[in-house]
Amino acid sequence: MTDRDPAAPPAPEATDPSAGLGAGEHRVRVAHGAGGVATVTIDRPERMNALDKPSWPALARAFRTLDADEDVRCVVLTGAGKAFSPGADVSEFEGERGDPDQAAAYGRLMEETYAAIAECRHPVLARIAGPCTGAGMVLALTCDWRIAGQSARFGAPVARLGLAMPYPEFAALHAAVGRARALEIVFEARIFDAAEAEAKGLVNRVVPDRNLDAAIAEAAERVAAGAPRVHRWHKAFARRLGTGAPLTAEEVRESYASFGTEDYREGFRAFLEKRPPVFRGR
């Protein structure tokens with residue numbers, strides 16, 4: 001369990017969408033669709049959606065704003081055009097990541113973005129088309145689950161650039177596929193297809209490219225139809241179990257809190273009455 005009730009609204013200071021707007025905002029688009037489904041699009045198609053320095057905090061701000069939005073039920077992260085993202089924009093490495101100190105400072109921007117996605121209370125689904133490599137693959141792994149088109153491509157060719165994948169990024173890869181496969185991916189620095197990514201555990205599902213948007217819409221719709229507080233609890237449970245520490249008796253007791261909610265009462269009544277439930281997040 002976390003210190004903050006995952007089903008409770010965030011602190012008020014996190015709810016101001018205008019706070020800290022900067023140069024990267026045009027690189028990230030947020031659209032709100034029907035049923036509480038929001039789509040966050042990395043919007044640099046001219047660079048295959050590679051993220052430059054201003055893009056990272058812009059993406060983090062988008063997710064923090066959505067985290068505070070009580071009307072959101074599911075978030076889809078995608079890239080504009082024919083790519084998800086190859087990760088950080090290598091063209092700025094010499095000026096922005098020219099030595100270990102610069103790289104660490106840049107890395108903190110990336111870490112804050114990964115954290116904003118991972119800590120978003122709402123379920124986050126990655127829609128993956130085209131290249132999804134390097135830090136772009138880490139972005140996808142930071143989401144709760146991933147659906148890819150069959151032409152998507154994956155990999156972490158950092159060894160070809162003479163750089164190591166830092167702990168915060170390597171940890172996401174290691175957690176997703178385990179030690180042996182994580183080391184295979186970084187050692188070989190090979191780009192591989194979506195079918196292999198699914199076999200390795202990097203994605204949950206691969207669909208024909210022509211069906212990708214429909215598969216994403218259907219998955220998001222199914223999530224949005226569920227009780228939002230329950231989704232938030234499940235995300236918190238998954239994170240807590242990921243620590244590997246034994247659960248306390250109090251944590252186990254707290255995991256039954258959903259039985260005291262209005263949505264629980266609505267859910268079982270709807271089941272008995274053979275009608276779709278209407279969840280209000282209470």
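Please read all numbers here as calculations on a predicted model, not as lab measurements.

A. Structural detail: the sheet that holds strand S4 (residues 124-128). Within the open sheet, the 6 strands sit side by side as S1-S2-S3-S4-S6-S9. Their pairing is mixed. Edge positions in the sheet fall to strand S1 (28-32) and strand S9 (205-207), since each of these pairs with one other strand and no more. Across the sheet, the mean angle separating the axes of adjacent strands is 20 degrees when strand polarity is ignored. Sheet analysis places strand S3 (residues 74-79) next to S4, joined by 3 bridges and oriented parallel. Across the sheet, Val-75 pairs through a bridge with Val-124, a residue of S4.

B. Quick peek at the sheet that holds strand S7 (residues 153-155). Strand order across the open sheet formed by 3 strands is S5-S7-S8, with mixed pairing between neighbours. Two strands lie at the open edges of the sheet, namely strand S5 (131-133) and strand S8 (192-193), each paired on one side alone. Note: S5 against S7, 3 bridges, orientation parallel. Its bridge partner being in S7, Cys-132 is matched across the sheet by Phe-154. Packed onto the sheet, helix H4 (residues 135-142) meets S5 and S7 and runs at close to 90 degrees relative to S5.

C. Quick peek at the nonpolar core. Counting 52 residues, the largest nonpolar core has Leu-59, Phe-63, Ile-128, Phe-154 and Leu-173 as the members making the most contacts within it. Apart from residues lying up to four places away in sequence, Ile-128 is in contact with Phe-84, Ala-140, Arg-146, Ile-147, Ala-148, Gly-149, Ala-152, Phe-154, Val-203 and Leu-212.

D. Region of interest: the pattern of salt bridges. All told, the structure shown has 22 salt bridges when counted by the stated rule. Ionic pairing is found between Asp-144 and Lys-235, a salt bridge with its closest N-O pair at 2.9 Å. Placement of Asp-144 in the loop between H4 and strand S6 (145-149) and of Lys-235 in helix H9 (residues 228-242) is noted, with a sequence separation of 91 residues between them. We note a salt bridge from Arg-190 to Glu-184, for which the minimum N-O separation is 3.6 Å. The exposure class assigned to Glu-184 is partly exposed, which follows from its relative accessible area of 27%. One network of salt bridges, in which partners are shared, links Arg-27, Arg-44, Glu-46, Arg-47, Asp-52 and Asp-89.

E. Local environment of the packing of aromatic side chains. Going through the model one piece at a time under the given rule, you end up with 5 aromatic pairs. Ring geometry for Trp-56 and Tyr-114: centres 5.9 Å apart, planes at 80 degrees, overall edge-to-face. Placement of Trp-56 in helix H1 (residues 55-67) and of Tyr-114 in helix H3 (residues 100-118) is noted, with a sequence separation of 58 residues between them. Take Trp-56 and Tyr-114: they sit in the same class, and that class is buried. A connected cluster of aromatic rings, assembled from ring pairs, spans Tyr-256, Phe-259, Tyr-264 and Phe-268.

F. Inspection of the layout of surface pockets at higher detail. A volume near 680 Å³ is recorded for the second largest pocket. Those elements that place two or more of their residues in the lining of the second largest pocket are H3, S5 and helix H5 (167-177). Among the elements that make up the lining of the second largest pocket, the one with the highest residue count is H3 (7 residues). The residue inventory of the lining of the second largest pocket, partitioned by class, reads 22 nonpolar, 5 polar and 7 charged.

Cut-offs applied
- Residues numbered from 1 in each chain as written.
- Predicted model: local features only at pLDDT ≥ 70, side-chain atom pairs only at ≥ 80, totals over all residues.
- Heavy atoms only, no water.
- Pairing = 2+ DSSP bridges.
- Helix = DSSP H or I, 4+ residues; strand = E, 2+ residues; numbered from the N terminus.
- Axes fitted to C-alpha atoms, helices over the stretch in contact; angles between N-to-C directions.
- Contact = heavy atoms within 4.5 Å.
- Core = buried A, V, L, I, M, F, W, Y, C linked by side-chain atoms within 4.5 Å.
- Buried < 20%, exposed > 50% of the residue type's maximum accessible area, 1.4 Å probe, protein only.
- Salt bridge = Lys/Arg side-chain N within 4 Å of Asp/Glu carboxyl O.
- Phe/Tyr/Trp six-rings, centres within 6.5 Å; stacked < 30°, edge-to-face > 60°.
- 1 Å grid on protein atoms, 1.4 Å probe; cavity = no way out; pocket = protein on both sides within 12 Å on 5 of 7 lines; lining within 4 Å.
- Points joined across faces, edges and corners; volume = space filled by probe spheres on them.
- Nonpolar A, V, L, I, M, F, W, Y, C, P; charged D, E, K, R; others polar.

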